[in-house]
Number of protein chains: 2
Amino acid sequence: MLFIIGLGLSDEKDITIKGLEAIKSCERIYLEAYTSILMVSQEKLEELYGKKLILADREMVESQSDDILLNADKINVAFLVVGDPFGATTHADLIIRAKELLIPIQTIHNASIMNAVGACGLQLYNFGQTISIPFFTDNWRPDSFYDRIKENRNLGLHTLCLLDIKVKEQSIENLARGRKIYEFPRYMTINQAIMQLLEIEENRKQNAYTSETLAIGIARLGSLTEQIIKAGTLNQLLSEDFGPPLHSLIIVGNRMHILEADYIKYFVADKNKFDEIVKRDYKI
Amino acid sequence: MLFIIGLGLSDEKDITIKGLEAIKSCERIYLEAYTSILMVSQEKLEELYGKKLILADREMVESQSDDILLNADKINVAFLVVGDPFGATTHADLIIRAKELLIPIQTIHNASIMNAVGACGLQLYNFGQTISIPFFTDNWRPDSFYDRIKENRNLGLHTLCLLDIKVKEQSIENLARGRKIYEFPRYMTINQAIMQLLEIEENRKQNAYTSETLAIGIARLGSLTEQIIKAGTLNQLLSEDFGPPLHSLIIVGNRMHILEADYIKYFVADKNKFDEIVKRDYKI
C-alpha cells in the first residue's frame, strides 16, 4: 500500500491520528521537501513517528518514482507532503505511476493553504483561481499570472497568490558543469511579491490592481504562536515586516461582503484608510 | 481560550494530534452539527476524546453564541467543526463575537472539501469560485449560482458545487405554529443536483453547460473505504448510484490540462466517450 499523507501546515502535531497510525505501519517513509516546508525540523517528526525519514527532493520524486514505489504492492510505504497531498502537480504524477503499477493507494488529507486561507476572514466561496508568483531574475520576469488576477478581479473575486520557494536549486553555472552544489533555500516574502506585482502593473497598465488595492498578507499560517495576518493596501503592506517564511498574499476582490470587511478590519493597522478605500472601491 | 477545531472529512481519526490535545484541555466541547457531517456517530468521537460533547445546532450558534463563549476567557472551550473551521460564514460570526468579548482564540485547521477535492485529479489552481446548490421546492427554485458557473466556464475554470444539507429543519407549518418538530435530515444527491442544473439551463438557455458537459461526482470524500469518484457527462452521471451522503459535484472547465484528463480517466466508465468529448470540447 502507498499512503500519501498530508502533514498540515505548521508543526509535527498537525498530522492526523489516521496519518500517524499509517506511518507507524510503514517500512519506508519519504518526506517531500521542495514544494513547501513545516516550521519544525525533520528530527522532530522522526521523534514523534519513532521512524527515520527519507528526504525526497524534486529529482527523486520526478525521476526515481519507481524507487519510491518499490515493493509497495507488498509492504506499506508512506509519502509525506506538507499541507494536503493534492497541492502540487508532481504528486499526481506519482499517484498515476502507482496506479499503472497496480499499487493500492490511500490518501490521508490535511489542511493546506488552499482552505486554511479562510483564516484571513475572506469567504472561500469568493476566491477565483489561485496563482503562483515565481522569483524574477535579471532576464526572466514572467507575468502570465497577471492575466489570471485580472480575470478574477473583473469578476470581483479574491486571488490567493502562492509565493515562490527555491529549495535545493543549482546555479546555472553549477547545473551546466554538472556540479551538485546547491544554493541556499530562498522563500519569497510578501514584500518581494508586491514589488514584482507593482512592476508588472507598471508594464502592463491594464489596471488589474493598483498600489491602492486592498490585500492581505499571511505569514506562517496555521502556527498557533507565529501566525501573522495583516491587511492594508499593497502599498501599506510593502513596508510591513512579516518575519520568517512561509508567506502568502491575497488580493481582495471588490465583490467583498460586509461580513468579510468586518472580519478583515481586525487585521488592519490604519482603520481610517481601510474604511475610506472600502467605501470608494468595494460594492458594500 | 476558545479553540476552533477542524475535524476533517470522514471519521474520528481525522482529527489532528494538536486538535485532540486541545480538546482534552477543554471544559466544554461543542460539536457543530448542521453545515456538514462526519461518517461516524457522536459516541465514537466521545470515546476517543474521553469527553462528552454538546451538540450545537444552527439556532444555538446563531442566537446563543454568548452561552458557547461563557467564561472562555478563564477556561478552555472547544468548538468542533467538520472539515476546516473556515468553511461556513456562521463560524466567522462566532469568532467576531469572541474577539469583541476579548476571548483569546486558537484555530486548529484540517482538511475540507475545499482542498481535498484535488483528489479527483483536477488541479486546485484551475478552480473558479465555489457554489452551493440549494434544494428546490415547489415554489422556490433559486438559480443565482448559474451565473457563477457561467463566469467560471467562460474562463475555462472548474466549478466545485457544494450540495445542500437540511438538518433539524422545521416544516413551514411547524415553524409558523412554533412547534419544535423537525424533519428528517436530507442530503442532496449528485443526481438531484444534476437534475436541478439541467432544469435551470433549460430555463436560462445561456449555454453555461449542457447535458454533455464533463463533470465529476464525489461521494464520502476522505473515507479510505467508502469514497467514490466517478467522471462522465452530466447525463451519464445522472443515472449513477453514489450511495449515502455526503455528495459533491464538479463541473469541469475547458481549460483542463492534459495531466488532469489523464488522471480523471481512472474515474471514467465510458473511456471512448470521454476521449471523444475531450477532443471536441477541451483545449488539450
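A quick note: this is a predicted structure, and the numbers were derived from the prediction, not measured.

Engineer: Help me understand the overall build of chain A, please; the structure alone is not making it clear to me.
Structural biologist: The secondary structure content of chain A amounts to 12 helices and 12 strands. For 284 residues, the compact-globule estimate of 2.2 N^0.38 gives 19 Å, and the C-alpha radius of gyration of chain A, at 21 Å, lies within 12% of that figure. Summarising its shape, the C-alpha atoms of chain A cover approximately 65 × 45 × 35 Å along the three principal directions. Of all 284 residues assigned to chain A, the portion counted as buried reaches 55%. For chain A, the exposed area adds up to about 12,300 Å²; of that, 51% sits on carbon and sulfur atoms. Chain A carries 32 positive and 39 negative side-chain charges, and their two centres are separated by 2 Å.

Engineer: Whenever I open this one, the domain arrangement of chain A confuses me. Can you help?
Structural biologist: Interfaces are often sized by the accessible area lost when the parts come together. All names here are of chain A. Segmenting chain A into domains produces domain 1 (2–111) and domain 2 (114–282). For domain 1 and domain 2, the distance between their C-alpha centroids amounts to 28 Å. Each partner contributes to the interface: domain 1 provides 11 residues, whereas domain 2 provides 14 residues. Of the roughly 960 Å² buried between domain 1 and domain 2 on both sides combined, carbon and sulfur atoms contribute 60%. Area buried by domain 1 at its contact with domain 2 is led by Leu9, Ile37 and Met39, which between them contribute 45% of it. Applying the counting criterion to the domain 1 and domain 2 interface returns 1 salt bridge. In this structure, Glu59 engages Lys180 in a salt bridge whose closest nitrogen and oxygen atoms are separated by 3.3 Å. Across the contact surface, domain 1 and domain 2 share 1 residue pair in polar contact (both at pLDDT 80 or more). For the side of domain 1 that touches domain 2, the residue count by class is 6 nonpolar, 3 polar and 2 charged.

Engineer: Honestly, the relation of the copies chain A and chain B in this entry has me stumped. Any pointers?
Structural biologist: Superposition of the two copies of the chain requires a rotation about an axis and a shift along the axis. If you rotate chain A by 180° and push it 0.0 Å along the axis, it lands on chain B with an RMSD of 0.0 Å. The symmetry that links the two subunits is that of a two-fold axis. Here 100% of the interface residues in chain A have copies in chain B that are interface residues too; the copies meet face to matching face.

Engineer: Even after reading the chapter, I still don't get the sheet that holds strand β10 (residues 214–219) of chain B, so can you show me in this structure?
Structural biologist: Two strands in a sheet stick together by hydrogen bonds in their backbones, pointing the same way (parallel) or opposite ways (antiparallel). Residues and elements named next belong to chain B. One open sheet accounts for 5 strands, arranged β6-β7-β12-β10-β11; its pairing is mixed. A single partner strand is all that each edge strand has here, and the edge strands are β6 (131–133) and β11 (228–233). When strand polarity is set aside, the average angle formed by the axes of neighbouring strands in this sheet is 25°. As judged from the 6 bridges shared by β10 and β11, these two strands associate in the antiparallel manner. Counted as the bridge partner of Leu214 is Thr233 from β11. Against the sheet, helix α9 (residues 190–204) touches β6, β7 (159–163), β10 and β12 (247–251), its axis set at about 40° to β12.

Engineer: Explain unusual backbone geometry here, please?
Structural biologist: For residues other than glycine, phi is negative in most cases, and the peptide bonds are mostly trans. Residue and element names in this part refer to chain A. Note that the residue after Pro245, namely Leu246, is joined by a cis bond; omega there is -5°. Relative to the assigned elements, Leu246 resides in the loop between α10 (234–238) and β12 (247–251). Phi angles above zero are rare outside glycine, and Asn207 is one such case at about 60°. Tracing the sequence through the fold places Asn207 in the loop between α9 (190–204) and β10 (214–219).

Engineer: I tried to follow the confidence of the model for chain A on my own but got confused; where do I start?
Structural biologist: In low-pLDDT segments, the atomic positions of the prediction should not be examined closely. Mean pLDDT over chain A works out to 94, with 99% of the residues at or above the 70 mark. Taken together, the chains of this predicted complex give a pTM of 0.95 and an interface ipTM of 0.94.

Engineer: Any chance you could explain the interface of chain A and chain B here in plain terms?
Structural biologist: Contacts between the two partners involve 57 residues from chain A and, on the opposite side, 57 residues from chain B. Broken down residue by residue, the surface that chain A buries against chain B is led by A:Lys18, A:Tyr125 and A:Leu224, which jointly contribute 15%. Between B:Lys18 and A:Asp11 there is a salt bridge, and its shortest N-O distance comes to 3.1 Å. At the surface where chain A touches chain B, the tally comes to 23 residue pairs in polar contact (both at pLDDT 80 or more). Secondary structure elements with two or more residues in the side of chain A that touches chain B: α1 (17–24), α5 (89–100), β5 (105–108), α6 (113–116), α7 (145–154) and α11 (258–264) of chain A. In terms of residue count, α5(A) provides more of the side of chain A that touches chain B than any other element does, 7 residues in total. Broken down by class, the residue content of the side of chain A that touches chain B amounts to 27 nonpolar, 17 polar and 13 charged.

Engineer: Quick question: what am I supposed to make of a nonpolar patch on the surface here?
Structural biologist: Residues and elements named next belong to chain A. A cluster of nonpolar side chains, namely Ile258, Leu259 and Ile284, defines an oily patch on the protein surface of about 240 Å² accessible area. Summarising the element assignment, Leu259 is placed in helix α11. Taking the relative accessible area as the measure of exposure, Leu259 reaches 32% and is therefore partly exposed.

Engineer: Is there a simple way to explain the nonpolar core in this structure?
Structural biologist: Generally speaking, nonpolar side chains in soluble globular proteins are found buried as a group. Judged by nonpolar contacts, the single largest core of 104 residues is most densely connected at A:Phe79, A:Ile216, B:Phe79 and B:Ile216. Once you skip the residues sitting within four places of it in the chain, B:Phe79 turns out to touch B:Leu2, B:Phe3, B:Ile4, B:Ile5, B:Tyr30, B:Glu32, B:Ala56, B:Val61, B:Ile68, B:His91 and B:Leu94.

Engineer: Sorry if this is basic, but what is going on with the packing of helix α7 (residues 145–154) of chain B against α9(B) here?
Structural biologist: A pair of packed helices is captured by two measures, namely the crossing angle of their axes and the spacing between those axes. Residue and element names in this part refer to chain B. Orientation of α7 relative to α9, taken along the N-to-C sense of each, is 85°, at an axis distance of 11 Å. Here α9 runs roughly perpendicular to α7, going by the angle between their axes. Contacts from Phe145, Tyr146, Asp147 and Ile149 in α7 reach Leu197, Ile200, Glu201 and Arg204 in α9. Among the residues making up the contact of α7 with α9, the classes are represented as 5 nonpolar, no polar and 3 charged.

Engineer: How should the pairing of strand β7 (residues 159–163) of chain A be read in this particular structure?
Structural biologist: Note on strand geometry: in a regular strand, side chains alternate between the two faces of the sheet. All names here are of chain A. Along β7, 5 of the 5 residues are buried, which leaves the element largely enclosed by surrounding structure. Neither face of β7 is open: one carries Thr159, Cys161 and Leu163, the other Leu160 and Leu162, and all of them are buried. Pairing of strand β6 (residues 131–133) with β7, which is carried by 3 bridges, proceeds in the parallel orientation. Paired with Ile131 across the bridge in β7 is Cys161.

What counts and how
- Residues numbered from 1 in each chain as written.
- Chains lettered and ligands numbered in written order.
- Predicted model: local features only at pLDDT ≥ 70, side-chain atom pairs only at ≥ 80, totals over all residues.
- Heavy atoms only, no water.
- Helix = DSSP H or I, 4+ residues; strand = E, 2+ residues; numbered from the N terminus.
- Rg over C-alpha atoms; globule rule 2.2 N^0.38 Å.
- Buried < 20%, exposed > 50% of the residue type's maximum accessible area, 1.4 Å probe, protein only.
- Areas by Shrake-Rupley, 256 points an atom, 1.4 Å probe, with all protein chains shown as cover.
- Lys, Arg positive; Asp, Glu negative; His and termini not counted.
- Charge placed at Lys NZ, Arg CZ, Asp CG, Glu CD.
- Domains from an automatic or database assignment.
- Contact = heavy atoms within 4.5 Å.
- Buried area = accessible area lost by both parts, 1.4 Å probe.
- Salt bridge = Lys/Arg side-chain N within 4 Å of Asp/Glu carboxyl O.
- Polar contact = N/O pair within 3.5 Å; in protein donor to acceptor, adjacent residues only side chain to side chain.
- Nonpolar A, V, L, I, M, F, W, Y, C, P; charged D, E, K, R; others polar.
- Least-squares fit on C-alpha atoms with pLDDT ≥ 70 in both.
- Pairing = 2+ DSSP bridges.
- Axes fitted to C-alpha atoms, helices over the stretch in contact; angles between N-to-C directions.
- pLDDT = per-residue confidence, 0-100.
- Patch = residues over 30% accessible without salt bridge, like charges linked within 9 Å, V, L, I, M, F, W, Y side chains within 5 Å.
- Core = buried A, V, L, I, M, F, W, Y, C linked by side-chain atoms within 4.5 Å.
- Parallel < 35°, antiparallel > 145°, perpendicular 65-115°, else oblique.

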